[in-house]
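# Residue-level structural notes
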Amino acid sequence: PFDIIHGQSGVPALLFGLELAKAKKIPFVFTYHTLLNRYTHYILKGKIITPKMVEVGSKLFCNLSDVVIAPTPLVRDELISYGVIKKIVVIPGGIEIEKFTNIEKGFLRKNFKIAESEKILLYVGRLGKEKSVDFLIRAFKLISDKAILVIVGDGPEKENLKTLSSKLKINKKIIFTGFIEVKDVPKVYAEADIFVFASRTE
């Protein structure tokens, strides 16, 4: 027998989980991982489903849950602004720290021919509009004579970001690695001097 049902993502699975919890008369806990109203451009370019519609849907579903888990206070506060009245608990995502300790350096410099003298700024993540990597590239232009920007990941905005770096004439200072195997990601972090991240949805 289940003690609780924990919904994570995927509308059909969430609805099934909610109905199952009702049938079993057990609590339904829902983790609201990210601010979904920033992602409507992926659905027919935002022409049918608007951010406001997503906010209303989020409010309704959260209020049907017994408890809502938010990864950050920012997400919690935004859910409250939608009209969510159910209890919201902030639980940040965990990190297996041991995977990132005692890592031998050299992966990035060897595979992408980066000089030892260069400082490395690192972004790791999906290349989508909501990640604001274009902002990182524009900001990096201000210090591009002092470092290399390494962008790890792939996504629909990759070519647009490459075009932007060329337009800003800093393409020789930015390395797009593409997808890197999960097992190698700790090696990537180990070599960075500064991690940069600009997403406003996470």
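For clarity, every value in this text was computed on a predicted model and none was experimentally measured.

## A closer look at the pairing of strand β5 (residues 119-124)
- Most of β5 is tucked away: 5 of the 6 residues are buried.
- Direction of pairing for β5 relative to strand β6 (residues 147-152): parallel, over a ladder of 6 bridges. When the sheet's bridge partners are listed, V124 is paired in β6 with V152.
- In this region the chain leaves β5, passes through helix α5 (residues 133-140) and returns to the parallel neighbour β6; the handedness of that crossover is right-handed.
- Where β5 meets strand β8 (residues 194-195), 2 bridges bridge the pair, whose relative direction is parallel. Bridging from a neighbouring strand, L121 pairs with I194 of β8.

## Points about helix α6 (residues 158-167)
- Every buried residue of α6 is listed here: K158, L161, L164 and S165. Taken down its axis, α6 places every buried residue within 120° of arc, on the same side. Across α6 from its buried face, at more than 90 degrees, point the exposed residues E159, T163 and K167.
- For α6, the secondary structure elements touched by its buried residues are α5 and β7 (174-178).
- With its phi angle positive at about 60°, K169 sits one or two positions after the end of α6.

## Observations concerning the sheet that holds strand β4 (residues 87-90)
- The strand order β1-β2-β3-β4 describes an open sheet built from 4 strands, whose pairing is parallel. Every interior strand has two partners, whereas the edge strands, β1 (5-7) and β4, have only one. When the angles between neighbouring strand axes are averaged without regard to direction, this sheet yields 25°.
- When β1 meets strand β2 (residues 28-31), the two strands line up parallel, connected through 3 bridges. For G7, the partnering residue across the bridge sits in β2 and is F30.
- Along the sheet face, helix α1 (residues 11-24) touches β1 and β2 and points at about 155° away from the line of β2.
- Together, β3 (67-70) and β4 form the strand contacts of helix α3 (residues 73-82), whose direction differs from that of β4 by roughly 165°.

## Notes on helix α2 (residues 51-64)
- Compared with an ideal rise of 1.5 Å per residue, which puts 14 residues at 20 Å, α2 spans 20 Å between its outermost C-alpha atoms and is within 8% of the ideal.
- For α2, every residue scored as buried is listed here: V54, E55, S58, F61 and C62. Angularly, the buried residues of α2 cover 135° about the axis, an arc narrow enough to put them on a single face. In α2, the exposed positions angled more than 90 degrees off the buried face are occupied by K52 and L60.
- Here the buried face of α2 lies against α1, β2, β3 and α3.

## Let's talk about the packing of α5 against α6
- Where α5 contacts α6, the axes come no closer than 10 Å and their chain directions differ by 15°. Accordingly, the angle class assigned to the pair α5 and α6 is roughly parallel. Judged by the twist between their axes, the crossing of α5 over α6 is right-handed. Residue-level inspection shows V133, D134, I137 and R138 of α5 in contact with α6, the latter providing L161, L164 and S165.

Conventions adopted
- Residues numbered from 1 in each chain as written.
- Predicted model: local features only at pLDDT ≥ 70, side-chain atom pairs only at ≥ 80, totals over all residues.
- Heavy atoms only, no water.
- Buried < 20%, exposed > 50% of the residue type's maximum accessible area, 1.4 Å probe, protein only.
- Helix = DSSP H or I, 4+ residues; strand = E, 2+ residues; numbered from the N terminus.
- Pairing = 2+ DSSP bridges.
- Right-handed = clockwise from strand over helix to strand, strands pointing away.
- Arc of directions from axis to C-beta.
- Contact = heavy atoms within 4.5 Å.
- Axes fitted to C-alpha atoms, helices over the stretch in contact; angles between N-to-C directions.
- Expected span 1.5 Å × (residues − 1).
- Parallel < 35°, antiparallel > 145°, perpendicular 65-115°, else oblique.
- Left-handed = near helix turned anticlockwise from the far one by under 90°.

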